[in-house]
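Observations on the three-dimensional arrangement
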Amino acid sequence: MLGDDGAVALAVYAPDALVDALAVEDHAGVLGKELHDVELPADEAQLVAGPGDAAVSVVYDELPVEAELRGRTAAALAAQVREFSPAAAALVCPLVLVLLAGCAGEGERTLYTIDAAYEEGVLTAEMTVSYYNDTGGSRGELWFNLYGNAYREGAAHAPVSASFAASAYYAGASYGGMEIRSVSPCTGWEVGGADENVLRVSLSSPVPAGGRCELTVAYTLTLAEVNHRTGVTEHTVNLGNFYPVLCVWETGSGFRECVYAANGDPFYSACADYAVTLTVPASYTAAASGEIAAAEESGGRRRYEMTLENARDFAAVLSEEFSVEQRTAGDATVLYYYYDDENARASADLARDCLLFFADTFGDYAYGTYSVVQTGFCYGGMEDPALVY
């Protein structure tokens, strides 16, 4: 995908109906064709469209950047990406995927209340789930996907493909995992699934359709040294998928188990609300999906209180090296967390401009904050609700 001359490789797919709306030039003659990797000189980076889901993959100055986009936003970002640093491109390109992967309107939802503490590669946590049963029937058990277990030694479904292993595991082979310490109240629980990837809990009593039940899960997440969604990177700590995630109920098939996939985004979750407390050493700064309601320091520790409503998941990134640029885009606060970006102000401006463009084109942004984070990630970029890197 990368040319020796610093070329920008663009691969974009869009439904035929979007091609006219994109108003782009068929620069490489690939409109309507199945294959999608096109390398262009850096000073001629343009959008190329074809059939299928809208997605763009960009390689710029040895830094792979992946994003999924829709409509004119793809054209706008493609036109701007070469004007900024590679770091800016990596941080901002995933913007529109997370914005378009939003949730429906108001209604009752499940609430995750998580109290977690990080210290030297280990996250110790207790999660209380107030589960809202919207399945249409009575449920006597709950299932949770344990994505953190994909990082354990011997996992059948490894989180990193062989072709990216060297860049991901910067210090050599490293392993982690998610240990469930206790679940209550319940009549029993077990970790199983195709790859020790599912926590199954038998409830003390069935929860009726439209009803609620509350369940507390204590767990320990050990982080591998890896430039990936969940791990200790060379400059940061990535906390994606850091909690047991309720499996989605599908009529006719039941709870949907998800094994980890090294390619793409192997996650499937319902929209929920989050109240997260995260305690870290005082030297760390936390970037997170949610709005930071409080950040108090005491005894060499910093305690963050964060909230997020109506989102598919919650993620955070920690670092002892972060500096922060702040902007405003409409009613939203845009935060750019970085540790090595000579063009940090321009990067923050680009994040703000992208959010404003989205609002003008597609509608208001759903959350109060939008965090763009520089971090280690072997595939280039990742998107979570209200946070991208």
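So, here is what we can say about the structure in this document. Note that the structure is predicted; figures quoted are calculated from it, not measured.

**A few points about the overall build of the protein chain**
Each helix and strand in the protein chain was counted, giving six helices and 26 strands. Every one of the 389 residues in the protein chain was classed for burial, and the buried ones make up 55%. Of the roughly 16,300 Å² of accessible surface on the protein chain, a fraction of 45% belongs to carbon and sulfur atoms.

**Points about the pattern of salt bridges**
Applying the stated rule across the entire model yields 13 salt bridges. Close ionic contact of Glu305 with Arg303 constitutes a salt bridge, the shortest N to O distance being 3.9 Å. It is possible to trace a salt-bridge network through shared partners that takes in Glu325, Arg327, Asp349, Arg352 and Asp353.

**Considerations on the environment of Asp195**
Mapped onto the fold, Asp195 is located in the loop between strand E9 (188-192) and strand E10 (198-207). In contact with Asp195, not counting residues within four places along its chain, are Arg152, Ala155, Ala156 and His157. Here the side chain of Asp195 touches Ala156 through a polar contact of 3.0 Å, landing on its backbone nitrogen.

**Digging into the nonpolar core**
A general trend in soluble globular proteins is that nonpolar side chains are found buried together. Grouped together as the largest cluster of nonpolar side chains are 89 residues, with contacts concentrated most on Tyr112, Phe242 and Tyr243. For this core, the element with the highest residue contribution is strand E23 (residues 332-338), accounting for six residues. Not counting residues up to four positions away in its chain, the partners in contact with Phe242 are Ile114, Leu123, Met178, Tyr219, Leu221, Val276, Phe314 and Ala315.

**Side note on the pairing of strand E24 (residues 369-373)**
Of all five residues making up E24, five are buried, and the element is well covered by its neighbours. Side-chain alternation along E24 places Thr369, Ser371 and Val373 on one buried face and Tyr370 and Val372 on a second face that is also buried. As defined by bridge partners, E23 adjoins E24 across five bridges and the pair is classed as parallel. Paired with Val334 across the strands is Tyr370, a residue of E24. Read as a crossover between parallel neighbours, the route from E23 over helix H6 (residues 344-362) to E24 is left-handed. Two strands pair when backbone bridges link them, and E24 and strand E26 (residues 387-388) are joined in this way by two bridges, in the parallel orientation. Bridge pairing in E26 links Val372 to Val388.

**A look at the side chain of Thr230**
Looking at where Thr230 falls in the secondary structure, it is placed in strand E12 (residues 230-232). Thr230 gets classed as buried once you look at its relative accessible area, which sits at 2%. Engagement of the side chain of Thr230 in a polar contact is seen with the backbone oxygen of Gly240, the distance being 2.5 Å.

**Quick notes on the state of the cysteines**
What the rule picks out here adds up to zero disulfides. Free of any disulfide, Cys258 has its nearest neighbouring cysteine sulfur in Cys247, separated by 6.5 Å.

**Things to note about the sheet that holds E24**
Within the open sheet, the five strands sit side by side as E22-E23-E24-E26-E25. Their pairing is mixed. Across the chains shown, the open sheet's two edge strands, defined by having one partner strand only, are strand E22 (323-329) and strand E25 (383-384). Of the pairings in the sheet, the one linking E22 to E23 comprises seven bridges and is antiparallel in character. Its bridge partner being in E23, Arg327 is matched across the sheet by Val334.

**Thoughts on the sheet that holds strand E11 (residues 212-222)**
An order of E8-E11-E6-E5-E17-E20-E19 is seen for the seven strands of this open sheet, with the pairing classed as mixed. Sheet topology places strand E8 (177-184) and strand E19 (291-298) at the edges, where each strand pairs with a single neighbour. Each strand axis lies, on average, 15° off the axis of its neighbour in the sheet, ignoring direction. Pairing analysis gives seven bridges linking E19 to strand E20 (residues 301-311), with the strands arranged antiparallel. Counted as the bridge partner of Glu297 is Arg302 from E20.

**Points about the packing of aromatic side chains**
Taken as a whole and judged by the stated rule, the model has 21 aromatic pairs. Ring geometry for Tyr151 and Tyr260: centres 5.9 Å apart, planes at 75°, overall edge-to-face. Here Tyr151 is found in the loop between strand E7 (139-145) and helix H5 (165-168), whereas its partner Tyr260 is found in the loop between strand E16 (254-255) and strand E17 (272-281), with 109 residues between them in sequence. Measuring from centroid to centroid gives 5.3 Å for Phe358 and Phe362, while their planes differ by 35°, and the two rings are tilted. Of this pair, Phe358 and Phe362 are both found in helix H6, four residues apart, which corresponds to roughly one turn of the helix.

Reading the values: the criteria
Residues numbered from 1 in each chain as written. Predicted model: local features only at pLDDT ≥ 70, side-chain atom pairs only at ≥ 80, totals over all residues. Heavy atoms only, no water. Helix = DSSP H or I, 4+ residues; strand = E, 2+ residues; numbered from the N terminus. Buried < 20%, exposed > 50% of the residue type's maximum accessible area, 1.4 Å probe, protein only. Areas by Shrake-Rupley, 256 points an atom, 1.4 Å probe, with all protein chains shown as cover. Salt bridge = Lys/Arg side-chain N within 4 Å of Asp/Glu carboxyl O. Contact = heavy atoms within 4.5 Å. Polar contact = N/O pair within 3.5 Å; in protein donor to acceptor, adjacent residues only side chain to side chain. Core = buried A, V, L, I, M, F, W, Y, C linked by side-chain atoms within 4.5 Å. Pairing = 2+ DSSP bridges. Right-handed = clockwise from strand over helix to strand, strands pointing away. Disulfide = S-S within 2.5 Å. Axes fitted to C-alpha atoms, helices over the stretch in contact; angles between N-to-C directions. Phe/Tyr/Trp six-rings, centres within 6.5 Å; stacked < 30°, edge-to-face > 60°.

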